[in-house]
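Structure assessment
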Amino acid sequence: MTLLAVAVLGRGLLEPDEPVFTAADEALLRGSAAFETVRVYDGRAFLLDRHLARLAYSASALGLPAVGDAAELADLVSRAAGPDHVLRIFRSSDALVATAATLPPELDELRVRGLALHSCEQAPPLLLAGVKSTSYASSFAARREAESLGADDVLFTSNGHVLDCSTANVWWVSGGKLQTPPSGRGVLPGVTRSLIFELEEVVPEPAGIEALLAADEAFTTSSIREVMPVISIDGTTIGGGRPGPVAARLQAALRLRSTR
C-alpha cells in the first residue's frame, strides 16, 4: 500500500515521509500503542464511531492518553487522500496520528478464489482482551510462515479451539447456522464482526478445526478485506474448495450498508 496522507494532532497535515513518532515514544520502545484500521468508501469512513469507541477502550487499557480529537484528525487526513482508501488512527504515548493509504490491489482476486489458511497453535494473550494494539510481531511472523508454505494467512488455535486469523475474525456455516468463536482471549471483537451480528443470526460457539473442515463454507471478516471466503485449511478443502453463497451475500450486504 502507498501512503497518501498523514496528519498529527497539533501539527496538521504532513508530508507522508515526515517523521511522526519520537525515539522516546512507548510505541517504539515497547510496542505500546493503540490503533484502528478503517475502510473509507467514497470519502466516508465506514463504521467510524465503532472504531473510535474501540480505540478509546484500547488506549485506556494500555494507559495511553485519551483520543478525543481522533475523529477530526481522521476527517482531515481522509479529505486529503481521496474517495476510497485505508484510514488508520494511532494513539501512542506521545502522539495521535491518522494516515491514509491505498487499498491492497489483490482483494478482488482473493475474493474470487478464496483464502487458503495454515493453522498455528498459539497461547492467547493473558491480558488486554479486546484491545487492538500495534503489538502484532508474533501474528505477522506466523502469517509469514503460512505464506512461505503456500497459504494466504494463518489461523490461530489454542487448546484445539479456533481463534482468529492474523488480522481477521473467522466464521463458518454448518447446517444453515452461521457460527464464530466467542469473543475473548485470542478473539478480537472486530468491528466488521459486530456488523455481521446485526445482519445475520449468529451462533458464537467454540470449535476446533474439524468443525470448519466439515462446514458448508467458511470465511473471514476484517475492515479492509471485508468478507473473504476461505476454501482450505492446511491443504484440506472446505465446501468443495469454492467460495460459498453466505459469504457472497454478506459481502453484498456490507457494501450496501456502506452506501447509507
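Above this text you will find the structure in question.
Residues numbered from 1 in each chain as written. Predicted model: local features only at pLDDT ≥ 70, side-chain atom pairs only at ≥ 80, totals over all residues. Heavy atoms only, no water.

Concerning the overall build of the chain
Broken down by element type, the chain carries 8 helices and 15 strands. A compact globule built from 260 residues should have a C-alpha radius of gyration of about 18 Å, and the chain, at 18 Å, falls within 12% of that. Dimensions of the chain, computed from the C-alpha atoms along their principal axes, are close to 55 × 40 × 35 Å. Evaluated residue by residue, the chain yields a buried proportion of 50% over its 260 residues. Intrachain contacts of the chain at a sequence separation of at least 6 include 68% that bridge at least 24 residues. Approximately 11,800 Å² of the chain is accessible, and the part contributed by carbon and sulfur atoms is 55%. With 23 positive and 31 negative side-chain charges, the chain shows a separation of 3 Å between the mean positions of the two kinds. (Helix = DSSP H or I, 4+ residues; strand = E, 2+ residues; numbered from the N terminus. Rg over C-alpha atoms; globule rule 2.2 N^0.38 Å. Buried < 20%, exposed > 50% of the residue type's maximum accessible area, 1.4 Å probe, protein only. Contact = heavy atoms within 4.5 Å. Areas by Shrake-Rupley, 256 points an atom, 1.4 Å probe, with all protein chains shown as cover. Lys, Arg positive; Asp, Glu negative; His and termini not counted. Charge placed at Lys NZ, Arg CZ, Asp CG, Glu CD.)

With respect to the environment of Ser-58
Topologically, Ser-58 is positioned in helix 2 (residues 48–61). For Ser-58, a relative accessible area of 0% puts it in the buried group. On a C-alpha basis, the gap between Ser-58 and Met-228 in space is 26 Å, while along the polypeptide they are 170 residues apart.

Overview of helix 3 (residues 70–81)
Taking 1.5 Å as the rise per residue, helix 3 with 12 residues should run 16 Å; its terminal C-alpha atoms sit 16 Å apart, in good agreement. Elements in contact with the buried residues of helix 3: strand 1 (3–8), strand 2 (12–14), strand 3 (34–41), helix 2, strand 5 (85–91) and strand 6 (96–101). The first or second residue beyond helix 3 is Gly-82, which carries a positive phi of 110°. (Expected span 1.5 Å × (residues − 1).)

With respect to the sheet that holds strand 3
Strand order in the open sheet formed by 6 strands is 2-1-6-5-3-4, and the pairing between neighbours is antiparallel. Of all the strands in the sheet, the pair left with one neighbour each is strand 2 and strand 4 (44–45). Examined bridge by bridge, strand 3 and strand 4 share 2 bridges and lie antiparallel to one another. Paired with Tyr-41 across the two strands is Arg-44, which belongs to strand 4. (Pairing = 2+ DSSP bridges.)

A look at the pattern of salt bridges
Any two side chains of opposite charge can pair, so long as their charged atoms come close to each other. All chains considered together, the criterion is met by 10 salt bridges. Glu-198 is the partner of Arg-50 in a salt bridge, and the nearest nitrogen-oxygen pair spans 2.8 Å. Here Arg-50, found in helix 2, pairs with Glu-198, found in helix 6 (residues 191–199); they are 148 residues apart in sequence, far enough to count as distant. Arg-79 is the partner of Asp-75 in a salt bridge, and the nearest nitrogen-oxygen pair spans 2.9 Å. Note that Asp-75 and Arg-79 are positioned in helix 3 at a spacing of 4 residues, about one turn of the helix. In this structure Arg-79 comes out as exposed when scored by relative accessible area, which is 60%. Salt bridges sharing common partners tie together Arg-39, Arg-111, Glu-226 and Arg-255. (Salt bridge = Lys/Arg side-chain N within 4 Å of Asp/Glu carboxyl O.)

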